[in-house]
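This is what each chain is made of:
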Amino acid sequence: MSQKISAPRGTQDILPPESARWQALESRVHALARCFGYGEVRTPVFEATELFVRGVGETTDIVEKEMYTFADKGERSMTLRPEWTAPVVRAMLEHQMLAQGPQRLYYVGPIFRYERPQKGRYRQSHQFGVECTGYVDAEADAEVISLAWELVRSCGIGDAVLKINSIGDAVCRPRYRQALLEHFAPNVAALSEDAQRRVERNPLRLLDSKEERDAPFVASAPAFDAYLCDGCREHFATLRAALSLIDIPYVVDPRVVRGLDYYTRTVFEIESRALGAQSAVCGGGRYDGLVASLGGPDVPAVGFALGIERFLMVLAAAQSAVQVPREGIQAVALGTQARATLLAIVAELRRSMVPAFMDYEERKLLAHLKIADRNRARFALIVGSEELASGEAILRDLESRTDTRLPLAQPRVVAASLVEACS
RNA sequence: GUGGCUGUAGCUCAGCUGGUUAGAGCGUCGCACUGUGGAUGCGAAGGCCGCGGGUUCGAAUCCCGUCAGCCACCCCA
């Protein structure tokens, strides 16, 4: 056993029938993005390390300890993409897209973070997300949020909650930060160890503490609300009005504070209890300074990322196991000659895009029918010596258990009449 | 990265305070049943008890290490 190679820690193989659920979600995602006018972007799986250091933020956990970084043979430092926003912005800059007005892009694909694996947390995971650039308007925030919410809603996830918040901008955030510092600093000794670290580094994250001993101080902390500048306040109000206008239920939660440096103003999360501690299925917000910080023009942007693995888990919890519908035709050949006859018909069926299955072993009819059943085939096309003699195959509807006779002619003709019979 | 729980057949799990050849259900395959499925009955295959070391006359069982999964923290999708 020890010499067997297994998938690296925190990664997983996605096999049938699970992969079918992925395909279903992915096609839903593509269709939804299309409805909102978003085009797909695909970027390299690895990028220059510098892109993430500048884009995500030097002091974030992602950059500090979670990146898969390596030197290539030309001694360049490369990093496996730990998130999509920085690469997408890089691509937009590289291809001069931002000079051409607002842009709407979406992506689906893997990200890599070196973390300790746990349910809903992997070293390779997959995200669907969008980036909308060029609008300062809160309607763009609402658009992006509604796209995420529409996916959740259309999949029938009942217990999902949308939480929104505003974390201000370059003008008012430092003021609020200062206020928080002044609130917590006198009580540092009473705080949990983790909280003490955060007082200096990122006071905003203190609001997110789960430690019981921090709770009283968190509860009495000043609210951002009072510190928002006029611009941010108005932006948040417009967003709330827009969400109400398009019937999207939300709660304002001051504790929603994103961990990546580039967020400004709007931040939001969609949570579900089905996930335990990793409750966030989707997270995003506005990042007006990111494009400029990556060397581009001063272009505002909003977006989100949704965890595919987590989303599928929530989906599985919400839906009861659905029976796979029957589909396609199982060719049942009894004898060598029948096998040749059916082989040709199966090939023609597949050319007509009708799923066709065949087992090549010499088995009894009963065994063949069991296989057909297990394959969830809708029909069985049976040919044995009797059928060859009479020139008529038996087409059995495995659902209604009724038989029809079908003249054996040229494979293409048989396939054509099967297509008709099955539709 | 920190703390804790768990690793026995393809899957879900039994296996008492260490004691002969490690069990069950599901699944797979075969037969009853040359030719009309999901059932039933009978049978078979499938295990270095995650891996490595130690204690012991003797280890799936106790100890240490390691790998992996899970839970919480941390972080985030």
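Residues numbered from 1 in each chain as written. Chains lettered and ligands numbered in written order. Predicted model: local features only at pLDDT ≥ 70, side-chain atom pairs only at ≥ 80, totals over all residues.

With respect to the overall build of chain A
Next, step 1: Looking only at helices and strands, one finds 15 helices and 16 strands in chain A.
Next, step 2: Taking 22 Å as the expected radius of gyration for a compact globule of 423 residues, we find that chain A reaches 28 Å, considerably beyond that expectation.
Next, step 3: By its C-alpha atoms, chain A is 95 × 55 × 50 Å across when sized along the principal axes.
Next, step 4: Out of the 423 residues in chain A, the part that is buried amounts to 35%. (Helix = DSSP H or I, 4+ residues; strand = E, 2+ residues; numbered from the N terminus. Rg over C-alpha atoms; globule rule 2.2 N^0.38 Å. Buried ≥ 20, exposed ≤ 12 C-beta atoms within 10 Å, placed from the backbone.)

Brief notes about the packing of helix α5 (residues 138–154) against helix α9 (residues 230–245)
In a pair of packed helices, the angle between the axes and the distance between the axes together describe the arrangement.
Next, step 1: Where α5 contacts α9, the two axes come as close as 8 Å, and the packing angle between them is 45 degrees. Of the possible angle classes, the one that applies to α5 and α9 is oblique. Seen from above, α5 lies across α9 with right-handed handedness. Contacts between α5 and α9 pair A138, E139, D141, A142 and I145 from the former with H235, T238, L239, A242 and L243 from the latter.
Next, step 2: Among the residues forming the contact of α5 with α9, the class breakdown is six nonpolar, two polar and two charged. (Axes fitted to C-alpha atoms, helices over the stretch in contact; angles between N-to-C directions. Parallel < 35°, antiparallel > 145°, perpendicular 65-115°, else oblique. Left-handed = near helix turned anticlockwise from the far one by under 90°. Contact = placed C-beta atoms within 7 Å. Nonpolar A, V, L, I, M, F, W, Y, C, P; charged D, E, K, R; others polar.)

Some details on the packing of helix α2 (residues 49–56) against helix α4 (residues 85–94)
Next, step 1: One way to put it is that α2 packs onto α4 with a least axis distance of 9 Å and a crossing angle of 105 degrees. Of the possible angle classes, the one that applies to α2 and α4 is roughly perpendicular. On α4, the residues touching L51, F52, G55 and V56 of α2 are T85, A86, P87, V89 and R90.
Next, step 2: Considering only residue class, the contact of α2 with α4 consists of six nonpolar, two polar and one charged.

Regarding the pairing of strand β7 (residues 161–166)
Next, step 1: Sheet topology note: the β7/strand β9 (residues 264–271) ladder contains six bridges and is antiparallel. Looking across to β9, one finds that L162 is bridged to I270.
Next, step 2: Two strands pair when backbone bridges link them, and β7 and strand β8 (residues 251–252) are joined in this way by two bridges, in the parallel orientation. Bridge pairing links K163 to V251 in β8. (Pairing = 2+ DSSP bridges.)

Quick notes on the sheet that holds strand β5 (residues 103–112)
Next, step 1: The eight strands are arranged β1-β5-β6-β11-β10-β9-β7-β8 in an open sheet whose pairing can be described as mixed. Both edges of this open sheet fall to β1 (39–40) and β8, since each of them pairs with a single strand only.
Next, step 2: When β9 meets strand β10 (residues 280–286), the two strands line up antiparallel, connected through six bridges. Bridge pairing links T264 to R286 in β10.

Description of helix α11 (residues 308–318)
Next, step 1: Taken together, the buried positions of α11 are I308, E309, R310, F311 and V314.
Next, step 2: Lining the buried residues of α11 we find α1 (18–35), β6 (124–133), β10 and β11 (301–307).

Some points on the nonpolar core
Next, step 1: Membership of the largest hydrophobic core comes to 74 residues, with the highest contact counts inside it found for V130, V144, A148 and L306.
Next, step 2: Looking at this core, the element that brings in the most residues is α5, giving 10 residues.
Next, step 3: Those residues in contact with V144 that sit more than four places away from it in its chain are V130, C132, G284, V302, G303 and F304. (Core = buried A, V, L, I, M, F, W, Y, C linked by C-beta atoms within 7 Å.)

So, the pairing of strand β14 (residues 379–383)
Next, step 1: Burial of β14 is extensive: five of the five residues sit out of reach of the surface.
Next, step 2: Of the two faces of β14, the one holding F379, L381 and V383 and the one holding A380 and I382 are both buried throughout.
Next, step 3: Alignment of strand β12 (residues 329–333) against β14, held across five bridges, turns out to be parallel. Among the inter-strand pairings, V332 is bridged to a residue of β14, identified as I382.

Side note on the confidence of the model for chain A
Next, step 1: In this model, chain A carries a mean pLDDT of 90, and residues with pLDDT of at least 70 account for 98%.
Next, step 2: Interface confidence in the predicted complex, given as ipTM, is 0.87; pTM for the same model is 0.91. (pLDDT = per-residue confidence, 0-100.)

Focus on unusual backbone geometry
Next, step 1: Between P16 and the following residue, P17, the backbone shows a cis peptide bond with an omega angle of 0 degrees.
Next, step 2: The phi angle at D247 is positive, at roughly 65 degrees, despite the residue not being glycine.
Next, step 3: The class of D247 is exposed, set by 8 C-beta atoms lying within 10 Å.
Next, step 4: The phi torsion at R401 lies on the positive side, around 60 degrees, for a residue other than glycine.
Next, step 5: Assignment of secondary structure puts R401 in the loop between β15 (392–397) and β16 (402–407).

Notes on the sheet that holds strand β4 (residues 77–80)
Next, step 1: Spatial ordering of the open sheet is given by β2-β4-β3, a layout of three strands whose pairing is antiparallel. Looking along the sheet, the strands with just one partner apiece sit at the ends: β2 (46–48) and β3 (69–71). Between one strand and the next, the sheet's axes are offset by a mean angle of 35 degrees, whatever the strand orientation.
Next, step 2: Alignment of β3 against β4, held across three bridges, turns out to be antiparallel. Bridge pairing in β4 links A71 to S77.
Next, step 3: Along the sheet, α2 makes contact with β2, β3 and β4, crossing β2 at roughly 80 degrees.

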